[in-house]
Amino acid sequence: MVQVNADYLKLKAGYLFPEISRRIKEFVSKNPNADLIRLGIGDVTEPLPLACREAMKAAIEEMGTDEGFRGYGPEQGYEWLRESISIHDYLSRGCEISAEEIFISDGSKCDSSNILDILGKENRIAVTDPVYPVYVDTNVMTGRTGEANSAGEYKGLSYIPINSGNGFEAAIPKEKFDLIYLCFPNNPTGAVATREQLVSWVKYAKENNSLILFDAAYEAFIKDDSIPHSIFEIEGSKDCAIEFRSFSKNAGFTGTRCAFTVIPKSLKGKAGSEEVDLWSLWNRRQSTKFNGVSYVVQRGAEAVYTKEGQKQIKKLVSFYMDNAQIIKSDLTTAGFEVFGAINAPYAWIKTPNKMSSWDFFDFLLEKTNVVGTPGSGFGAAGEGYFRLSAFNSRENVEKAMQRILKLN
Ligand SMILES: *Cc1c(COP(=O)(O)O)cnc(C)c1O
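Parameters at a glance
Residues numbered from 1 in each chain as written. Predicted model: local features only at pLDDT ≥ 70, side-chain atom pairs only at ≥ 80, totals over all residues. Heavy atoms only, no water. Buried < 20%, exposed > 50% of the residue type's maximum accessible area, 1.4 Å probe, protein only. Helix = DSSP H or I, 4+ residues; strand = E, 2+ residues; numbered from the N terminus. Contact = heavy atoms within 4.5 Å. Near = heavy atom within 4 Å. Polar contact = N/O pair within 3.5 Å; in protein donor to acceptor, adjacent residues only side chain to side chain. Areas by Shrake-Rupley, 256 points an atom, 1.4 Å probe, with all protein chains shown as cover. Nonpolar A, V, L, I, M, F, W, Y, C, P; charged D, E, K, R; others polar. Core = buried A, V, L, I, M, F, W, Y, C linked by side-chain atoms within 4.5 Å. Lys, Arg positive; Asp, Glu negative; His and termini not counted. Salt bridge = Lys/Arg side-chain N within 4 Å of Asp/Glu carboxyl O. Axes fitted to C-alpha atoms, helices over the stretch in contact; angles between N-to-C directions. Left-handed = near helix turned anticlockwise from the far one by under 90°. Domains from an automatic or database assignment. Buried area = accessible area lost by both parts, 1.4 Å probe. Pairing = 2+ DSSP bridges.

(A) Examining helix 5 (residues 133-141) more closely. Within helix 5, eight of the nine residues are buried, leaving the element largely enclosed by the surrounding structure. For helix 5, every residue scored as buried is listed here: Pro133, Val134, Tyr135, Val136, Asp137, Thr138, Asn139 and Val140. On the buried face of helix 5, the contacting elements are helix 4 (108-114), strand 3 (125-129), strand 4 (157-161), strand 5 (179-183) and strand 6 (211-215). Where helix 5 ends, the next residue or the one after it, glycine 143, has phi of about 75°, a positive value.

(B) How the structure looks around the site of the ligand. Near the ligand you find 13 residues, and of these Asp215, Tyr218, Ser246, Ser248 and Lys249 are the closest. One nitrogen or oxygen atom from the main chain of serine 108 is found 2.8 Å from an oxygen atom belonging to the ligand. Take lysine 109: an N or O atom from its main chain is 3.0 Å from an oxygen atom of the ligand. Alone, the ligand offers 390 Å² of accessible surface; in the complex the protein occludes 93% of this. Counted by class, the shell around the ligand contains four nonpolar, five polar and four charged residues.

(C) Region of interest: the nonpolar core. Of all hydrophobic cores here, the largest spans 49 residues; its most connected members are Ile85, Tyr90, Phe247, Phe253, Cys258 and Phe260. Counting only elements with at least two residues in this core, the list comes to helix 2 (50-63), helix 3 (79-90), strand 2 (102-105), strand 5, helix 6 (195-208), strand 6, strand 8 (259-262) and helix 8 (295-302). For this core, the element with the highest residue contribution is helix 6, accounting for five residues. One finds Ala191, Leu331, Phe386 and Ile404 within the second-largest nonpolar core, a separate group that totals 48 residues.

(D) The arrangement of the side chain of lysine 249 in detail. Within the element layout of this structure, lysine 249 appears in the loop between strand 7 (241-246) and strand 8. No salt bridge is formed by the buried lysine 249, whose closest oppositely charged neighbour, aspartate 43, lies at an N-O distance of 7.2 Å. A distance of 2.9 Å separates polar atoms of two side chains, one belonging to lysine 249 and the other to tyrosine 218. Not counting the four nearest positions on each side in its chain, lysine 249 is found in contact with Gly42, Val44, Ala217, Tyr218, Phe221, Thr254 and Phe391.

(E) Inspection of the packing of helix 1 (residues 16-30) against helix 10 (residues 357-368) at higher detail. For the pair helix 1 and helix 10, interaxial distance at closest approach is 11 Å and the crossing angle is 35°. By crossing handedness, the relation of helix 1 to helix 10 is classed as right-handed. Every residue of helix 10 that contacts helix 1 at Leu16, Glu19, Ile20, Arg23, Ile24 and Phe27 is listed here: Trp358, Phe361, Asp362, Leu365 and Glu366. Broken down by class, the residue content of the contact of helix 1 with helix 10 amounts to seven nonpolar, no polar and four charged.

(F) Structural view of the domain arrangement of the protein chain. When cut into domains, the protein chain gives domain 1 (13-47 + 310-405) and domain 2 (52-307). Domain 1 and domain 2 are separated by 26 Å when their C-alpha centres are compared. Each partner contributes residues to the interface: domain 1 has 29 residues there, and domain 2 has 33 residues. Together, the buried faces of domain 1 and domain 2 total about 2600 Å²; carbon and sulfur atoms form 61% of this surface. For the domain 1 face of the interface with domain 2, the top three residues by lost area are Gln310, Asn343 and Phe378, together amounting to 24%. Taken together, the links from domain 1 to domain 2 amount to zero salt bridges. Every element with two or more residues in the side of domain 1 that touches domain 2 is listed here: helix 9 (307-333), strand 11 (337-340), strand 12 (346-350) and strand 15 (385-389).

(G) Focus on the sheet that holds strand 6. Strand order in the open sheet formed by seven strands is 2-8-7-6-5-3-4, with mixed pairing between adjacent strands. The sheet terminates laterally at strand 2 and strand 4, the two strands that pair on one side only. For this sheet, the mean angle separating the axes of adjacent strands, direction not counted, is 20°. Inspection of the sheet shows strand 3 paired to strand 4 by five bridges, in the parallel sense. Pairing of valine 127 across the sheet is with tyrosine 159, part of strand 4.

(H) Main features of the sheet that holds strand 14 (residues 373-374). Ordered in space as 11-12-15-14, the four strands form an open sheet in which the pairing is antiparallel. On the outer flanks of this sheet lie strand 11 and strand 14, each paired with one strand and no other. Pairing between strand 11 and strand 12: four bridges, direction antiparallel. Note on strand 12: the bridge partner recorded for phenylalanine 339 is tryptophan 348.

(I) Examining the side chain of threonine 351 more closely. By the element assignment, threonine 351 lies in the loop between strand 12 and helix 10. What makes threonine 351 buried here is its relative accessible area of 5%. In this structure the side chain of threonine 351 is engaged in a polar contact, spanning 2.5 Å, whose partner is the backbone oxygen of methionine 355. Sequence-distant contacts of threonine 351, that is, excluding residues within four places in its chain, are made with Ser356, Ser357, Phe360, Gly384, Tyr385 and Phe386.

Given below as structure tokens:
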């Protein structure tokens, strides 16, 4: 019989979202008429911006002509999209990131896992706790960890707690880590990293020759002008950071699929005693294992940077952020302690009366038919917290909040 990758067997069986589905199914079978409102999974709900749809329609028509037809595109993405990203997302904010340093992909989720392809197995790795589960599970799947303990913490990974005790700041470690995953604005806590914090992280990374993997999927939701949108706004970061970005949340591309990864040309790693640049390895990896994002979708993504596109995505983001504000203010009125939801589309709620995350999940489902996400599903330090997402219709958000307000 064929051997399987036994590292997969180390993964915690009760993965978060399947367990949520199981509990919902059970609840619905007992309560078939319940009007569920799902504020759980972080998927967008509003339609695609018009500018993107028009650009994609035009691109499809182009593909139907002799002159306009295109086959395989560049594995790195089309130059025009990479140029637009460089100009609008980076140069405009004072970050010297060139089009060449930008690699277009079909998602940040895959990029943040695929990056392990070009990184050694000996690296000492730190993640925050709570954490976006992809960072942890992909390290498990690729044999970079040992087994999990009963709290779900894997041997071989280090966890940096982010909780109300430290103001949801990821404290700079005393030990040396080679690889650090940071996600700001944070999923699930909705916390942001200030410029000072990011400066400290870059200083740490440079002193320890570490690499920061910075996930900025939610940068568009930052309202506070003093908060950096990119790790590359920090001096020195081009020697110690890779950034992941996505059109999923700012432009509603979760089902359309387009994202990008920035690998500065100056970024170096080590193979034995030899210095190697990471850009070349990633370029090699993508050229071998990836055949690019569809032309049509890249034209759709490019339209995000047009004047109309910018107006439309700003409207989309404000719509969700108004939801976030409603959630935060109503839950606060209802007596909950609520974090996040100011510069991010997630509210991170302390469960009342020291209830466990899953008990609160069941309680909210029973009493209000509102579905959220138990904090413990994002890591041991998420226990006692609960995530509500602002990605929903106004009607559903208001209805959910009315029900929660009636709880007491
Ligand atoms: C939604 C999300 C992404 C985006 O992933 P895609 O694969 O581009 O849709 C990336 N990181 C985090 C933390 C997210 O929540």
